Amino acid sequence: MRGDFFFGVFLFLLLRWLALLYNLLAFPRLSPKPTPPRPQASLLVPARNEAENLRRTLPALLRQGALEVLVLDDGSEDATAEVAAALGGGHPGFRLLRGKPPPPGWTGKNWACWQLAQAARGEVLVFTDADVLWHEGALGGLLAALEGREAVSALPRQEAGGNPLVLATVPFVMGGLFSFLPHPWLLALRVANGQVLAFRREAYFALGGHEGVRGEVLEDVALALKARHYGLFLGVELFSARMYRGYGEVVAGFGKNFLEIHLKNPAVLLGSWFYHLALYTLPWAFGRPELGLLGLLERALVQVATKGEFLAGLLTPLAPLLLLPAYLRALLPGKRWKGRALP
């Protein structure tokens, strides 16, 4: 019986290796490019309690050469507005917006993004999280990818900031896409990443914008599903993100959206957890180190491909165990994020 189980584990690992090898060769990558001489892009940053992140990321956004950079202070309880105003006050394209409380049925982020979109003047609307660091040439590379498309999304390099629990979990979740399915399948499923999401202005409003997905936690995927011409790119050369600073934030953050990611189905959610446990942890626990090594090497190669920290790949056997609280949190009602209840 155990032999049959681990033969199944081997087959699933083989499928992941095949997807990984395909994506190593064919996953489209963004490269840095100069910003066009007459940029018409609005960089839009919803910010709630993001003072610390903005100190690191806002100066880089202001250097991209966009038409404008808009930061919306979404009812922050820290110095988000003051930090943004101090950093952007001397920049001609910078505007600080004061957000209004979200109406019933809206998530806070969707409402903030909708307010930003309505205030923006650019022909291209680029939504980016406050924790995403834009490197030189990022805007030019993103605009080049948008040619011939209504919308594009990018997968940034994920940073852990030296926290071993974050290092063991965040890259495992965010990098897992790279070896989960070949890129054409991810594209067909409209996998998207709200950390970097760009639209042509006309297409965004024609699709209904964030108003059309007002209550969705996975608003990025919901918007991408509406777009006919969409692109998903690896953006590790252009963007890096530090999503969470501690293990508690990891559990709360992933617990907020894990059920949505798994089709809002508890059985699929728990099946996903056992799938990852079986592939990456149980081989070590039941004396099958050859399978354990196969999974560990797969995730280590994902880290190399996504320019992540190699140590994250070596911590792979611990990841399913450390993520169990996030899976369980996803099953509980009354989820909150940044002090707000989710609709």
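Please read these numbers as outputs of a predicted model, since none were measured by experiment.

A. Structural view of the overall build of the protein chain. Summing up its helical and strand segments, the protein chain has 15 helices and 12 strands in all. With the C-alpha coordinates of the protein chain rotated into their principal frame, the extents come out at 65 × 40 × 35 Å. Considering the protein chain as a whole, with its 343 residues, one finds that 55% of them fall into the buried category. Long-range contacts, defined here as pairs at least 24 residues apart, represent 84% of the contacts in the protein chain between residues at least 6 apart. When the accessible surface of the protein chain is totalled, it reaches about 14800 Å², and 63% of it is carbon and sulfur. Averaging the coordinates of the 34 positive side-chain charges in the protein chain and doing the same for the 27 negative ones gives two points 1 Å apart.

B. How the structure looks around the packing of helix H11 (residues 266–280) against helix H15 (residues 319–330). Between H11 and H15, the least distance of the axes is 10 Å, while the angle of their chain directions is 175°. With respect to H15, the axis of H11 lies roughly antiparallel. Only Pro320, Leu321, Leu324, Tyr327 and Ala330 of H15 make contact with H11, whose side of the interface consists of Leu269, Ser272, Trp273, His276, Leu277 and Tyr280. Looking at the contact of H11 with H15, its residues break down into 9 nonpolar, 2 polar and no charged.

C. Expanded view of the pattern of salt bridges. By the definition in use, this model includes 15 salt bridges. Here Arg95 makes a salt bridge to Glu68, at a shortest N to O gap of 2.7 Å. One end of the pair, Arg95, is in strand E3 (residues 94–98); the other, Glu68, is in strand E2 (residues 68–73), and 27 residues separate them in sequence. A residue is classified by how much of its surface remains accessible, and Arg95, at 26% relative accessible area, is partly exposed. For Glu68, a relative accessible area of 1% corresponds to the buried category. In this structure, Lys264 and Glu260 form a salt bridge, with 3.7 Å as the shortest nitrogen-oxygen distance.

D. Geometry of unusual backbone geometry. For Leu263, which is not a glycine, the phi torsion comes out positive at approximately 65°. Along the chain, Leu263 falls in the loop between helix H10 (247–261) and H11. Overall, Leu263 belongs to the exposed group, its relative accessible area being 69%. In this model, Lys264 sits at a positive phi of 60°, which is unusual for a non-glycine residue. By the element assignment, Lys264 lies in the loop between H10 and H11.

E. Representation of the sheet that holds strand E8 (residues 196–200) in the model. Spatial strand order, E3-E2-E1-E4-E8-E6-E9: 7 strands in an open sheet with mixed pairing. Lying at the two open borders of the sheet, with one neighbouring strand each, are E3 and strand E9 (230–234). The mean inter-strand angle of the sheet, taken between neighbouring strand axes irrespective of direction, is 20°. Two elements, strand E1 (residues 41–47) and E2, share 6 bridges in a ladder whose sense is parallel. In the strand pairing of E2, Ser42 is matched with Glu68. Where helix H2 (residues 51–62) meets the sheet, it contacts E1, E2, E3 and strand E4 (124–128), and its direction lies at approximately 155° from that of E2.

F. A look at the side chain of Asp74. Its place among the elements puts Asp74 in the loop between E2 and helix H3 (80–88). A residue is classified by how much of its surface remains accessible, and Asp74, at 5% relative accessible area, is buried. Apart from residues lying up to four places away in sequence, Asp74 is in contact with Ala47, Arg48, Lys100, Gly108, Ala112 and Arg340.

G. Here's a closer look at helix H13 (residues 289–305). Compared with an ideal rise of 1.5 Å per residue, which puts 17 residues at 24 Å, H13 spans 24 Å between its outermost C-alpha atoms and is within 8% of the ideal. Taken residue by residue, H13 has Leu291, Gly292, Gly295, Leu296, Glu298, Arg299, Ala300, Val302, Gln303 and Ala305 as its buried positions. The elements touched by buried residues of H13 are helix H1 (2–26), helix H6 (164–175), E9, H11, helix H12 (282–285) and helix H14 (310–314). With its phi angle positive at about 60°, Lys307 sits one or two positions after the end of H13.

H. Geometry of H1. In this model H1 runs 36 Å from its N-terminal to its C-terminal C-alpha over 25 residues, within 8% of the 36 Å that 1.5 Å per residue would give. Every buried residue belonging to H1 is among Phe6, Val9, Leu13, Arg16, Trp17, Ala19, Leu20 and Asn23, and all of these are buried. Residues of H1 that are buried make contact with helix H7 (183–188), H11, H12 and H13.

Criteria and thresholds
Residues numbered from 1 in each chain as written. Predicted model: local features only at pLDDT ≥ 70, side-chain atom pairs only at ≥ 80, totals over all residues. Heavy atoms only, no water. Helix = DSSP H or I, 4+ residues; strand = E, 2+ residues; numbered from the N terminus. Buried < 20%, exposed > 50% of the residue type's maximum accessible area, 1.4 Å probe, protein only. Contact = heavy atoms within 4.5 Å. Areas by Shrake-Rupley, 256 points an atom, 1.4 Å probe, with all protein chains shown as cover. Lys, Arg positive; Asp, Glu negative; His and termini not counted. Charge placed at Lys NZ, Arg CZ, Asp CG, Glu CD. Axes fitted to C-alpha atoms, helices over the stretch in contact; angles between N-to-C directions. Parallel < 35°, antiparallel > 145°, perpendicular 65-115°, else oblique. Nonpolar A, V, L, I, M, F, W, Y, C, P; charged D, E, K, R; others polar. Salt bridge = Lys/Arg side-chain N within 4 Å of Asp/Glu carboxyl O. Pairing = 2+ DSSP bridges. Expected span 1.5 Å × (residues − 1).

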